[in-house]
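If you want the building blocks of each chain, they are given just below.
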Amino acid sequence: MAKVMMKGNEAMALAALKAGCKAFFGYPITPQSELPEYLAKHMPKYGGVFLQAESEVAAINMVYGASGAGVRVMTSSSSPGIALKQEGISYMAGAELPAVIINVMRGGPGLGGIQPSQADYKQITRGGGNGDYYVIAYAPEDLQETVNVIKEAFDVADLYSNPVMIAVDGLIGQMMEPVDVDMEVSKRELPEKTWATTGTQGKRPPVNINSLYLDPLNLEKHALKLAEKYRLIKENEQRYELVNMDGAELVIVAFGTMARIVRSAIELLSEEGIKVGLLRPITIWPFPEKAFNEIPDSVKGILSCELSTGQMIDDVKIANNGRLPVGFFGRTGGMLPEPEEIVSAVKAMLGGLKHE
Amino acid sequence: MSKIVFQRTKGLTEKEFSYCPGCTHGIIHRLVAEVLEELNILDKAIGISPVGCAVMNYEFFNCDMQQAAHGRAPAVATGIKRVRPDNIVFTYQGDGDLASIGTAEIVHAAHRSENITVIFINNAVYGMTGGQMAPTTLVGQKTTTSPFGRDARLCGEPIRMSELLATIPGATYVERVSVHDPANVRKAKRAVKKAFEIQMKGLGFAFVEFISTCPVNWGKTPQEALNWAKEHMINYYPLGVFREPKEDAQ
Ligand SMILES: Cc1ncc(C[n+]2csc(CCOP(=O)(O)OP(=O)(O)O)c2C)c(N)n1
Ligand code: SF4
C-alpha cells in the first residue's frame, strides 16, 4: 500500500489493530489522547474491546486480566500515567504476561509538562516497578518505524511472554507524517498460550496466573528463569542503526526525536568537513551494546545526546567500557535543540579532545 | 445402598486450607465452591485471588485463577470478562483489599456494572499483615495500629461498603450475609448462588459481603469470635439485601 498522511497517535492505534490487538484499556492523558480516541471509534469494527478505565492503575490491571486470558492487549499513556502503571507492569513481568504499552513521553518530574522528552529513560530501561525484571523497549525515530515496531512488538511480547514498551514522544504522536501501515514486518514463530485462563472447559487441569512465590528458593528459581530469558533477549533483540560511521572523528549516540535533530547536525558538520557518525539505539532495552563493537578506530570520542539531563549516558559508558572519552549534550523540560547547538557541542568536544 | 450426605465439593482442590483454626474464610470458600459446582460453571469459571489471607486461594478453588495486585481484583476481573464474556468471573477480596487500597477499582466496577461476581470478606482487620486497623474496624476496637481502640475523630467511622455500593446505579445486586451460625450459612449460600446466577443471566454487577471472623487477630477463641461477630459486627453492619434486580424485588 502507498503511504498516506496520518497523525502519529492515530497511526499507532491503527498499527495495533493491524497487529491483531483485540483489547485496549487506557486513561486519557496528553499528548497521546488521539490514540485511545481512534481505538474507541475503530476497535468495534475489528471485533475488539475498548474500555476507558478509571485510572492508569486500573487500566494496566485490566491489561493483566485480558492478557492472562490469552488475548492480544495494549494500553497507552504518557509519563505520569506510565509511572502509575508500574505496579501492574511489575506484576505482568512476574507472571510472564505479554502486552504492548505505548509511552508517549512528556517532561517531568511530577506533572512536568506536555512537550517531548526522554527523561523517562531510566524508568523504562531499569524495569520501573519493583523486582528483578525488564521490559523490552523500542524507541523509534519516525512514524513509519514506530508503526513497524508496534506491529512487531505484539509478536515479541508473545514470544517472550513479557511486556513490551514503545517509547516515543509528543512530536511523533502529534505530527502528521506519510506512513504505510501495511508495510511487511518480520513475524515470529509463536508458542501456543497454553497458560491462559480460558476456563478449563472440562478439558485440562486449572491454570493459574501468578507472581507469588513465598518460598525464597522458588522465587530465586523464578528470578533465574526470568534472568535467562532476559539474557536471550539481550542476545537476540538488540536493534540499532549506524549512520555515517566510515572515517568518523566522533560518534553521537541518540534515539527517537533527538536522533532526527542529530541527523541535521551531522549534515551541517559535514558541510564544514567534520565527519561525525550516529549510533542510534532502536531498542533502549536491551541497550545495543553490540553496536559499540562496530565503532571504527577513527573515532576519538562519543557524545550522548538526549532530551534529558543525562540518563542514557550511563548505558553509553557501560557499553563503551572506558575505551573512548564520553561527553554529553542535552536539552530537557520539553525544549528541543536547534541542530546548531549540537554542532557547537560536537566542536567543543573535539576541541577539548585535541588539547588532551 | 447408602446415601452420601456430605461430600467434598468438586469446586475445591485436595489442598489443605492455609487459614487459622476457626477462621471463617474456609466456610466461605466452601460456599463459593459448592455454588460453582451446583450451577455447573466450574469449567468456565475464572477466579481472582486478592492480596490478603486468601492470596493463595488459587490453590484451593478448582478452576482457572489469576492472582491480582492488592485491591486491583475488580480491574483484573474487568479485563478478563470483557475479552471472555462467556466465562464466569469472580473476585474474592478482604476489607483491606476492597475497602481501602482497592476502593477505586470496586466502585468503578460497580459503576460500569461489570458482569462479575464479587465476594467480599469483612473481618474488620488486616488479617495477613498481623491485625492492623482496616477501614471496617469498629469504633473502639483495638488493633495493632489502633492500640487504644479506633478513635472516630482521628480515623473516621467504619465504612459500610454494601451501603456505599448500593447507591451506585450499576450495582445490580448487593447483599450482606454472615456465617456465624448454620441458619446464616444457608442464607449466605443462597446469596452467593444468586450472585452467580445474576452473572449467568448477564444482569451486571453482583456483590456479596460476608461478615467474617479473624479469631487470631481479634484475640479470641473461634467460638468467642463468632459471638463477637454476631453481637458487634452485625450491629453496625446490618444483614440484608441492599439492591437486587427489579424482577426479584418483593
Ligand atoms: C501494594 C501493597 N501494599 C501492602 C501490602 C501488604 N498487605 C498484604 S495483605 C494486606 C492486608 C490484607 O487485609 P485484608 O484485605 O483485610 O484481608 P485479610 O488478610 O484480612 O483476609 C496488606 C496491607 C501488599 N502486599 N501490597
Ligand atoms: S489471620 Fe485472621 S483472617 Fe487470616 S487466616 Fe488467620 S484468622 Fe483468618
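Residues numbered from 1 in each chain as written. Chains lettered and ligands numbered in written order. Predicted model: local features only at pLDDT ≥ 70, side-chain atom pairs only at ≥ 80, totals over all residues.

Moving on, we get to the confidence of the model for chain B. Chain-level statistics for chain B give a pLDDT mean of 96 and a share of 97% at 70 or above. Both scores are given for the predicted complex: the pTM is 0.97, the ipTM 0.96. (pLDDT = per-residue confidence, 0-100.)

Another point: the interface of chain B and chain A. Interface size is often expressed as the accessible area that is lost when the parts come together. Taken together, the contact between chain B and chain A spans 28 residues of the former and 33 residues of the latter. Residue assignment for the side of chain B that touches chain A shows that the elements contributing at least two residues are β1 (45-49), β2 (64-67), α2 (73-83) and α4 (103-111) of chain B. It is α2(B) that provides the largest number of residues to the side of chain B that touches chain A, a total of 8 residues. Its residues assigned to classes, the side of chain B that touches chain A comprises 14 nonpolar, 7 polar and 7 charged. (Contact = placed C-beta atoms within 7 Å. Helix = DSSP H or I, 4+ residues; strand = E, 2+ residues; numbered from the N terminus. Nonpolar A, V, L, I, M, F, W, Y, C, P; charged D, E, K, R; others polar.)

Let's shift gears to the site of ligand 2. All names here are of chain B. Close to ligand 2 lie Tyr 19, Cys 20, Cys 23, His 25, Cys 53, Asn 123, Gly 127, Met 128, Cys 214, Pro 215, Val 216 and Asn 217, which account for all nearby residues. A per-element tally of the shell around ligand 2 places helix α8 (residues 215-218) first, with 3 residues. Taken together, the residues that form the shell around ligand 2 break down as 8 nonpolar, 4 polar and no charged. (Near = placed C-beta within 6 Å.)

On to the nonpolar core. Residues and elements named next belong to chain A. Val 100 and Val 262 are the most contacted members of the largest nonpolar core, which totals 188 residues. Residue-level mapping places this core at the junction of two domains, with at least three residues from each of domain 1 (4-237) and domain 2 (240-355). When neighbours within four sequence positions are excluded, Val 262 is seen to be in contact with Ile 252, Ala 254, Leu 278, Cys 305 and Ile 342. (Core = buried A, V, L, I, M, F, W, Y, C linked by C-beta atoms within 7 Å. Buried ≥ 20, exposed ≤ 12 C-beta atoms within 10 Å, placed from the backbone. Domains from an automatic or database assignment.)

Time to look at the site of ligand 1. Residues and elements named next belong to chain B. For ligand 1, the set of nearby residues contains 17 residues, the closest of which are Gly 52, Gly 94, Gly 96, Gly 127 and Met 128. Where the shell around ligand 1 is concerned, the elements lending two or more residues are α3 (95-101) and β5 (125-126). Among the elements that take part in the shell around ligand 1, α3 stands out by supplying 3 residues, more than any other. Looking at side-chain class alone, the shell around ligand 1 contains 8 nonpolar, 7 polar and 2 charged residues.

Residues and elements named next belong to chain A. Examined at the domain level, chain A breaks down into domain 1 (4-237) and domain 2 (240-355). Relative placement of domain 1 and domain 2: their C-alpha centres are 29 Å apart. Each partner contributes residues to the interface: domain 1 has 28 residues there, and domain 2 has 23 residues. Of all the elements, helix α5 (residues 121-125) adds the most residues to the side of domain 1 that touches domain 2, at 4 residues.

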